[in-house]
Structure formats: C-alpha cells, structure tokens
Amino acid sequence: MFDALGDKLQNVFKRLRGQATLSESNIADAMREIRLALLAADVNLKVVREFIEKVRDDCLGQEVLRSVTPGQQVVKIVNDRLVELMGDAAVALNITSKPSVVMLVGLHGGGKTTSAAKLALRLKKERKKVMLAAADVYRPAAIDQLEILGREVDVPVYVERGNQNVPQIAANALEEAKYEHTDVLIIDTAGRLQIDEGMVQELVLTSQAVRADEILLVADAALGQEAVSVADHFHQALGLTGVILTKLDGDARGGAALSIRNVTGCPIKFIGIGEKLTDLEVFYPDRMASRILGMGDVVSLVEKASAEIDEDEARRLQKKMQKNQFDFNDFLAQLKQITNLGGAESIMKMLPGGRDLGKLSEQLDPKYFSRIEAMILSMTPRERATPDLIDFSRRKRIARGSGNAVEQVSGLINQFNQMRKMMRKSGMMRNLMGAFGGGGGAPDLPMSMPPGMSGLGGIDDEGGVSARERQKRRRLAKLKKQQKKKQRRKKK
Ligand SMILES: Nc1nc2c(ncn2[C@@H]2O[C@H](COP(=O)(O)OP(=O)(O)O)[C@@H](O)[C@H]2O)c(=O)[nH]1
Ligand SMILES: [Mg+2]
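A short tour of the structure in this document, coming up. Since the model is a prediction, treat every value here as computed from it, not as a measurement.

### Examining the packing of helix α2 (residues 24–40) against helix α3 (residues 45–59)
With their axes 10 Å apart at the nearest point, α2 and α3 run at an angle of 155° to one another. Judged by the inter-axis angle, α2 sits roughly antiparallel to α3. As α2 packs across α3, the resulting crossing turns out to be right-handed. For the pair α2 and α3, the contacting residues are Ile27, Met31, Ile34, Arg35, Leu38 and Leu39 in the first and Val48, Phe51, Ile52, Val55, Arg56 and Cys59 in the second. Classifying every residue of the contact of α2 with α3 by side-chain character gives 10 nonpolar, no polar and 2 charged.

Now the structure itself:
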C-alpha cells in the first residue's frame, strides 16, 4: 500500500536527518522532492500545492530551525499535515436510528457488493442485527452474488426477483427490516460503467424512499484522480455521507486516499484492503499517515489481533508452553490464527520496518503455510499430541500422506523442537496475545509463529533487523538453496 510514495518520502527524510542544521535552501530541496513524490502518487494538483505550502511554512518556523533534531521535526510536520489532509479523525458511521439505512453507491466493479457483505460482517461483530438488500436488479447474477455473500457472513438478504422498481424494493426491504427488528439495513445498488442521469435519478429516489442515514460511495482506489472526480460527481448529485475506498491493497500510489477528503469534503469512512470479507478497516487518518511514512501501524495491528484472537485459548496455550506441552495441535491452531489475521506477510507489513520483512516472506515458498498444515494434518492424533513419537518410519508415512519429501517433514519436526526448547528457555513464552497485549513499543514477534517465521522480536527499535533476524535469514536462504538443489537432482 502506497509503497512508492512511502519510499520516496523516507529518502527525503533520510537526507534531512543527515544534515546538522536546516536551512532555507535544504528545506526548499526537500519540498521539491516531496512535491514530486506526491504528484507521482497521483495526488490532486491543488491539494499538493496547498500541502507543500503548509509544510514549508511549518518547517521554516523558528522552533524547527533551532531544534537539535531538525530532520525528525520535519518527519513530524509532514506526518501531522498528512493526517490533517485526510481529515484528522476517523468519522463513525451514523447508525443511531433503528433501523438505520446504509446505501452503497458507485460505479460498476468498485466493490459495492463485496463491501456490503464486509460491512455486514463488521456490524454483526459489533452485535448489531443486520440485513442486506439487493437493489442491483438489472443483472440476476448480482442478486445471486449478494445472496451467496449473505450466507457466508450469516446475514439475511432481502430480494425481490422480477421486480425492477428499485425505490419500491428498497422501501419494502425497510419494512421487512423494521418487522425483523433490524439495527442496520445495508442496500447494495447497481453501478454503471459511467455516471449517467438515469442511474443518479434512481439513486436519488431510492435514498428518499428509505430516508437513508448513510449514502456511501464505494470507489476503487486504483482509479486515482478518476475516483476523486467520481466522488465529486456523486456528492453533488446525492449528497454523500462518506466514502468506502476499496482495493487499497493493490494501490501503490495513494492519490485517491490523499485527495478525496480535501477535494470533496466527504470523509473516507472505511477502506477495503483485500478480497476477504474481513478485509475492511475503519479509516484512521493518523494510522494511514504513519503507514505511508513507513512508521508502521502497530495500533491497528494490535486492534486486529485482539479482535481475532480468543483470549481463553491464548491463555491455555501460554500454560502449555510453560509446561513444555505445546504440541502439533496447538501449533496448527496458531497457524490458523495467523491465517485469520491475513497471513504473516500482511502482519509483518504493518510493523515498523515490516516492508523489509515483507520481502523476506516473499522469499519463502508462498505455499509455506498450507504445506506445513498438510504435514500436520497427515499426522495421527497421537502423533500430533506427542511429537516425540514421530520416528523415521512415521516421518516417511507423513511425507507420503502430505505429498512432501521426508526431509521436509524432518525439517518441520526439528524446527518445531527447537521452537519448543526456545519457548521453555527464553522465559519469553509469549503467545500472540501476550506479544500484542504487552503494551508499549514494537511488539515482539509471537514466539509461537511457525518455524522460520518466529521472532517478530527480530526487529530492533530502529525498525531495522537484528543479528538474530539476519542469522535466520541466512539460514533460510541456505535451506532454500539446498531444497532447490535437491529438486534439481530429483528432476534428473
Ligand atoms: N483486492 C481487493 N479486491 C476487492 C476489494 N473490494 C472488492 N474487490 C473485488 O472487486 C471485484 C468487484 O467487486 P464487487 O463487489 O462485485 O463490485 P460492484 O460491482 O461494485 O458490486 C470483486 O472481484 C471483488 O472481490 C478490495 O478491497 N481489495
Ligand atoms: Mg455489485
């Protein structure tokens, strides 16, 4: 997310930090580079101009020039101005009336239907009673899609096949929602390839028919400035209450996220960061700024972790680790938790210095997790509970069962044993909960991550990479090399 912009800004800061004092001339140089970086990120021209002006004024302030760490001051200034640009604070959904009506509008393919389901899931987790309504009636497949997603998140979906009177369907859905004591009704509407009068008219009538509390534009971030002008159009026609910016996971530039609020006055309320139904986050300007600046986003990681992880389960595992009873069943459970969190890679990317670690995980076999899972699932229940039982002949059987080489099974078991030893010895027997709940500073890598992934503790305070981490990387590289060699030999 926004990698290019983040890298460029970090380079600017690095150069500034290398200078003992700041002068008007090196500030001017830095401003030029920041300006180019923002333009390359497809940020609106007017927005860039105003932004640079403000940052420059702040930088030329007396306190900054006289301060002992001018370079760091500039980081803070840019950070604060980015936060301001994106709207300062998160803006909550207005869902106080019962039922509240949330309408999702936007162009075709922006992510309305997916976001409707994501939002439903999110509200459900907040213990709201939710209903979805299919008002995209022109393509039967669109109704099917919403029904399937509704089943996936276990939320009822209101449909009227055959009826094409959208305002009427919406009004009927609202009646049904009232009858069912629903807290929030989410209406998924039809999109077009372009904004047209007919679509806008239908949306206006629909929003009036249900007195929508929220009209959210769902826009694809990758469209950049195009997304901004779409937002502007919809806002003028409908009076949007906010924006869901989707596909930020594939948006290297970030122009839409940085411009929409400033240009349209509409707050971004949520961001879509992946195709999974849990990949919807509240948009926090401050966290987004620190993500862009590469300072990591520890806070939202912590939040995510505590939402996904069962506390009792975590405590149970902690006890087992202390008693050295941690077995392959527990290991599998931990793997599942990591996958729930969006995979180790996405976790690492959110941490300070995580971008580099992201590259490390790319070096790993992308099927790494599923391979480990397959091996564990090929063990008998007794083997899983008593790993010491697994001798060579059992390894051979597990290898055959999971479609791996014996060496790979041995590798897993050796690393698992090492990990167990480490857990017992280190006195840092943190499981995910302990690691994230520890408070303050960068969290240690959960000790219970799979072999080769363990040790978020490998990140030092500088966001760099510690000796332990480097050693691990070397070991990994070596392992990979050996595996490749073996594969080559096999082929021959
Ligand atoms: N990577 C990614 N894909 C998304 C996101 N939101 C939606 N999509 C994908 O975009 C495509 C279109 O989404 P859909 O909800 O059908 O769009 P609609 O036409 O506006 O209803 C689907 O393949 C979704 O999986 C997101 O945040 N990230
Ligand atoms: Mg749709």
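### Description of the site of ligand 1
Around ligand 1 sit 19 residues, and of these Gly111, Lys112, Thr113, Thr114 and Gly272 come closest. A class-by-class count of the residues in the shell around ligand 1 yields 2 nonpolar, 12 polar and 5 charged.

### A few points about the sheet that holds strand β6 (residues 242–246)
Strands sit in the order β3-β2-β4-β1-β5-β6-β7-β8 across an open sheet of 8 strands; the sheet is mixed. A strand with exactly one partner marks an edge of an open sheet, and here the two such strands are β3 (157–158) and β8 (280–282). Note that strand β1 (residues 100–105) and strand β4 (residues 184–189) share 5 bridges and pair parallel. When the sheet's bridge partners are listed, Leu104 is paired in β4 with Asp188. Across the sheet, helix α6 (residues 112–125) touches β1, β2 (130–135), β4, β5 (214–220), β6, β7 (268–272) and β8, and the angle it forms with β4 is around 170°. Sheet contacts for helix α9 (residues 197–210): β1, β2, β4 and β5; angle to β1, the most-contacted strand, approximately 170°.

Cut-off values and rules
Residues numbered from 1 in each chain as written. Chains lettered and ligands numbered in written order. Predicted model: local features only at pLDDT ≥ 70, side-chain atom pairs only at ≥ 80, totals over all residues. Axes fitted to C-alpha atoms, helices over the stretch in contact; angles between N-to-C directions. Helix = DSSP H or I, 4+ residues; strand = E, 2+ residues; numbered from the N terminus. Parallel < 35°, antiparallel > 145°, perpendicular 65-115°, else oblique. Left-handed = near helix turned anticlockwise from the far one by under 90°. Contact = placed C-beta atoms within 7 Å. Nonpolar A, V, L, I, M, F, W, Y, C, P; charged D, E, K, R; others polar. Near = placed C-beta within 6 Å. Pairing = 2+ DSSP bridges.

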